[in-house]
Amino acid sequence: MPKWSMVVFGILLMGCSAPVDTAMKSWHGIGTVHNLEEIIIGRCYNYIRVMNPTVGEKNCSAIWETFRNAFVYKHPCNVNPVDYDAFIRLALHDIPQDKALFWENTKLLVHRYSDKTRRMMPLGETLIGFLADDLDWCGQNESPGINYQSCPTTTECENNPVNSFWKIASESYAKEAVGIVRVMLNGSISDGAFPKNRFFAKHELPNLRKSNISEIQIWVMDNIDGPDR
Ligand SMILES: *[C@@H]1O[C@H](CO)[C@@H](O)[C@H](O)[C@H]1NC(C)=O
Ligand SMILES: *[C@@H]1O[C@H](CO)[C@@H](O)[C@H](O)[C@H]1NC(C)=O
Ligand SMILES: *[C@@H]1O[C@H](CO)[C@@H](O)[C@H](O)[C@H]1NC(C)=O
């Protein structure tokens, strides 16, 4: 085939596929991560076998199934925190006394400090948080039930699968806190160390069980070179 006919062929192909792609990219957020099932099941075994075997036996296949059932084949603006109830029930475990660590705008430092549950156990180092950390996912009514092209941002709709997941994950985590509770906030951030519309203020603080908590320590961390706001 001469080179020019390859080029024409290529242009024709692009012409055919482009409308399909734009039709499927309905949302502004990143689409579901590929291999979501393998990631969740792999992270689950990594957590219960390697990272924190003290949680005991968990059924990682059943955990994946209940997670999937919360959003697959559903409109991605119609997934509520309660849709993860079955998943939460299977994956929930205790937070050891004095190891709860809440945070806002200090994620990297929190995880360096907590050291994979050795020193503290923030939400991202419980099984529930660890499974979903940094992932994007959402469903769609049409086959295959999962949207790999795009997912709604929270601005597009609040009841999207990721936002609803972190709501119930945060609420469940707060309910498990026992003993001394720590909160790590960012003292260098311009719009306030305690943002009233974020997860700690809205979903965690109101769900702490007063009778289980002896003390709350608030750590405000400045960047080493400031500013101290
Ligand atoms: C784990 O869950 C799967 C799927 O729900 C089920 O088929 C299997 O029997 C369960 N395994 C155990 C050991 O309970
Ligand atoms: C606090 O926020 C600033 C600005 O976003 C960021 O550069 C810094 O890493 C944050 N500090 C911590 C401890 O995460
Ligand atoms: C935490 O509080 C709940 C209800 O207030 C209670 O049932 C539970 O036993 C407490 N857990 C611990 C470890 O104290």
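Anyway, here's the lowdown on the structure attached to this text. Source: prediction; values computed, not measured. (Residues numbered from 1 in each chain as written. Chains lettered and ligands numbered in written order. Predicted model: local features only at pLDDT ≥ 70, side-chain atom pairs only at ≥ 80, totals over all residues. Heavy atoms only, no water.)

A separate point is the side chain of Ser 170. You can see Ser 170 is positioned in helix α7 (residues 161–176). Judged by its relative accessible area of 2%, Ser 170 falls in the buried class. Apart from the residues lying within four places of it in its own chain, the contact partners of Ser 170 are Leu 123, Phe 199, His 203 and Glu 204. (Helix = DSSP H or I, 4+ residues; strand = E, 2+ residues; numbered from the N terminus. Buried < 20%, exposed > 50% of the residue type's maximum accessible area, 1.4 Å probe, protein only. Contact = heavy atoms within 4.5 Å.)

Ligand 2 sits among Asn 105, Thr 106, Leu 109, Asn 186, Ile 189 and Asn 223. For ligand 2, an oxygen atom lies 3.4 Å from a polar atom in the backbone of Asn 105. The separation between a nitrogen atom of ligand 2 and a polar side-chain atom of Asn 223 is 3.5 Å. (Near = heavy atom within 4 Å. Polar contact = N/O pair within 3.5 Å; in protein donor to acceptor, adjacent residues only side chain to side chain.)

With that out of the way, let us pick up the pairing of strand β4 (residues 179–186). When you tally the buried positions in β4, you get eight out of eight residues, the bulk of the element. Of the strand pairs in this sheet, strand β2 (residues 101–104) and β4 are connected by four bridges, and their pairing is parallel. Bridging across to β4, Trp 103 finds its partner in Met 184. Two strands pair when backbone bridges link them, and β4 and strand β5 (residues 213–221) are joined in this way by eight bridges, in the parallel orientation. Each residue of the ladder has a partner; that of Asn 186, found in β5, is Met 221. (Pairing = 2+ DSSP bridges.)

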